[in-house]
Amino acid sequence: MQLLPPPAYSPDMSLITHVWDLVDQRLARDPLPGASKDELLLRIQAIWNTLLQADGENVFDSMTRRIAAPIAARGG
């Protein structure tokens, strides 16, 4: 396995940011707005619990491409 050099901090390089994007997209599709903070937290937890392992694997598998893009752009 070839190791890639660690990139400078960027939100695009954060796996958890992309997982939360999946949660946000599914939450946006929900037609019922949260009536309270507790209800919203329960809806987020339900979405989190239904994320498929494949969703996480797709985010993980995209990292090589995500790291290659700033390297190819020489950090720009």
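Residues numbered from 1 in each chain as written. Predicted model: local features only at pLDDT ≥ 70, side-chain atom pairs only at ≥ 80, totals over all residues. Heavy atoms only, no water.

Novice: Honestly, the packing of helix H1 (residues 15-29) against helix H3 (residues 53-61) in this entry has me stumped. Any pointers?
Specialist: Axes are the key here: two packed helices are described by the angle between their axes and the distance separating the axes. Running from amino to carboxyl end, H1 crosses H3 at an angle of 135°, the nearest separation of the two axes being 9 Å. Here H1 lies oblique to H3, going by the angle between them. Helix-helix and strand crossings are classified by hand; for H1 and H3 the assignment is right-handed. On the side of H1, the interface is formed by Leu-15, His-18, Leu-22 and Arg-26, while H3 contributes Asp-55, Val-59 and Phe-60. Classifying every residue of the contact of H1 with H3 by side-chain character gives four nonpolar, one polar and two charged. (Axes fitted to C-alpha atoms, helices over the stretch in contact; angles between N-to-C directions. Helix = DSSP H or I, 4+ residues; strand = E, 2+ residues; numbered from the N terminus. Parallel < 35°, antiparallel > 145°, perpendicular 65-115°, else oblique. Left-handed = near helix turned anticlockwise from the far one by under 90°. Contact = heavy atoms within 4.5 Å. Nonpolar A, V, L, I, M, F, W, Y, C, P; charged D, E, K, R; others polar.)

Novice: Would you explain the packing of H1 against helix H2 (residues 37-50) in this entry?
Specialist: Here H1 crosses H2 at 115°, and the two axes come no closer than 10 Å. Seen along the crossing, H1 lies across H2 with a hand that is right-handed. Facing H1, whose interface residues are Ile-16, Val-19, Trp-20, Val-23, Arg-26 and Leu-27, H2 presents Leu-40, Arg-43, Ile-44, Ile-47, Trp-48 and Thr-50. Looking at side-chain class alone, the contact of H1 with H2 contains nine nonpolar, one polar and two charged residues.

Novice: Sorry if this is basic, but what is going on with H2 here?
Specialist: Spanning 14 residues, H2 covers 20 Å between terminal C-alpha atoms, matching the ideal 20 Å at 1.5 Å per step. Those residues of H2 hidden inside the fold are in contact with H1. (Expected span 1.5 Å × (residues − 1).)

Novice: Even after reading the chapter, I still don't get the nonpolar core, so can you show me in this structure?
Specialist: It is characteristic of soluble globular proteins that their nonpolar side chains tend to be buried jointly. One finds Val-19, Leu-22, Val-23, Leu-27, Ile-44, Ile-47, Leu-51 and Val-59 forming the largest nonpolar core, which totals eight residues. Looking at this core, the elements with two or more residues in it are H1 and H2. A total of four residues in this core trace back to one element, the largest contributor, which is H1. Ignoring any residue separated from it by four or fewer positions in sequence, one finds Val-59 in contact with Leu-15, His-18 and Leu-22. (Core = buried A, V, L, I, M, F, W, Y, C linked by side-chain atoms within 4.5 Å. Buried < 20%, exposed > 50% of the residue type's maximum accessible area, 1.4 Å probe, protein only.)

Novice: When you look at the pattern of salt bridges in this model, what are you seeing that I'm missing?
Specialist: Should their charged atoms come close, side chains of opposite charge can pair. One pass over the structure, following the stated rule, counts one salt bridge. The shortest N-O distance in the salt bridge between Asp-30 and Arg-43 comes to 2.9 Å. Separated by 13 residues along the polypeptide, Asp-30 in the loop between H1 and H2 and Arg-43 in helix H2 bring together distant segments of the chain. Overall, the relative accessible area of 29% leaves Asp-30 in the partly exposed class. (Salt bridge = Lys/Arg side-chain N within 4 Å of Asp/Glu carboxyl O.)

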